[in-house]
Amino acid sequence: MTDTQKRIEPFGVEIDLLTGAMKDFDNYKKTMASTMIPYYADTDAIRDLVESQGNPIHYEVFEKTIPEAAGHIRVCISKLLPGKVGGEFFMTKGHYHTVLETAESYLCLAGEGFLLMKTSEGRCLWEPFRPGRLVYCPPSWAHRSINTGSVPLVSLCHYPGDAGHNYGDIVEEGFPKRCFDRGGKPAFE
Ligand code: F6R
Ligand code: ZN
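Residues numbered from 1 in each chain as written. Chains lettered and ligands numbered in written order. Predicted model: local features only at pLDDT ≥ 70, side-chain atom pairs only at ≥ 80, totals over all residues. Heavy atoms only, no water.

Turning our attention to helix α2 (residues 43–52). What α2 keeps buried is the set Ala45, Ile46, Leu49 and Val50. Axial view of α2: buried residues confined to an arc of 135 degrees, hence all on one face. Along α2, the residues that are exposed and aim more than 90 degrees away from the buried face are Asp44, Asp48, Glu51 and Ser52. Check the buried side of α2 and you find it contacts β4 (84–85). Looking at the residues trailing α2, positive phi occurs at Gly54, about 65 degrees. (Buried < 20%, exposed > 50% of the residue type's maximum accessible area, 1.4 Å probe, protein only. Helix = DSSP H or I, 4+ residues; strand = E, 2+ residues; numbered from the N terminus. Arc of directions from axis to C-beta. Contact = heavy atoms within 4.5 Å.)

Right, here's the structure in full:
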């Protein structure tokens, strides 16, 4: 990226703090249920969901265009729909940042759930999400959102412009814990 491409004008953006709706977003990324087949413990259940519901949206990301370069802070809204796959709560794919030494903050605006985090050495911790709770994911921890509620889990995320996303290692490694509905309560197993 050239210096000119890294230079942008100041801007503001309206975010509805109750719903997480970002007005005038530039980029929208939707992740469909079919792409989640490798991620859930119960492969038959996710395949059934994709077929019976016509491959619905699983989660969405809304953002303004901010250069993927050091010095910038990327800002986005992550919206994960509610539901379960064979008793496992809906989750995002999860990733490490390509530049491992980059952190991320998640401010939960709506819904409930967890940010599940792991290191490559196998440490695994989770922090609850509820509206108004900020979760800090330190450098080198992979992270995945989990929705344990009945409405969309919406978070406002900030992370360094040059962080990048590494999904491949999570496809290989997975996370040491999964979150299941056990008698109406989330349980990490
Ligand atoms: C950005 C970040 C979040 C996620 C979003 C979707 O670094 O952590 O905005 O990108 O929650 O999850 P993934 O990226 O795992 O598909
Ligand atoms: Zn991230």
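The structure having been displayed, the exposition proceeds.
Moving on, we come to the coordination of the zinc ion (ligand 2). Ligation of the zinc ion (ligand 2) by protein atoms is provided by His95 (NE2), His97 (NE2), Glu104 (OE) and His143 (NE2), these donors lying 2.0 to 2.3 Å from the ion. Classification of the site at the zinc ion (ligand 2) rests on its six donor atoms, whose angles at the metal span 74 to 174 degrees, yielding the label octahedral. (Donors = N, O, S within 2.8 Å, 3.2 Å for Na, K, Ca; no water. Tetrahedral: all angles 85-135°; square planar, octahedral: opposite > 155°, others 65-115°.)

A sheet is described by the order of its strands in space; here three strands give the open sequence β8-β7-β10, paired in antiparallel fashion. Because the sheet does not close on itself, it has two edges, and the strands there are β8 (124–129) and β10 (142–147). The average undirected angle you get between the axes of adjacent strands in this sheet is 20 degrees. Summarising the sheet, strand β7 (residues 113–118) and β8 pair through six bridges and their orientation is antiparallel. By the bridge assignment, Met117 is partnered in β8 with Leu125. (Pairing = 2+ DSSP bridges. Axes fitted to C-alpha atoms, helices over the stretch in contact; angles between N-to-C directions.)

When the charged atoms of two side chains lie near each other, side chains of opposite charge can form a pair. In the structure shown here, the tally under the stated rule is nine salt bridges. Where Lys64 meets Asp26, a salt bridge forms, and the shortest distance between an N and an O atom there is 3.6 Å. Placement of Lys64 in the loop between β2 (57–63) and β3 (73–80) and of Asp26 in the loop between α1 (3–6) and β1 (27–32) is noted, with a sequence separation of 38 residues between them. What makes Lys64 buried here is its relative accessible area of 14%. Classification of Asp26 by relative accessible area gives partly exposed; the value is 44%. The closest approach of N and O atoms between Glu127 and Arg133, which form a salt bridge, is 3.0 Å. One salt-bridge network, in which partners are shared between bridges, spans Glu63, Glu68 and Arg74. (Salt bridge = Lys/Arg side-chain N within 4 Å of Asp/Glu carboxyl O.)

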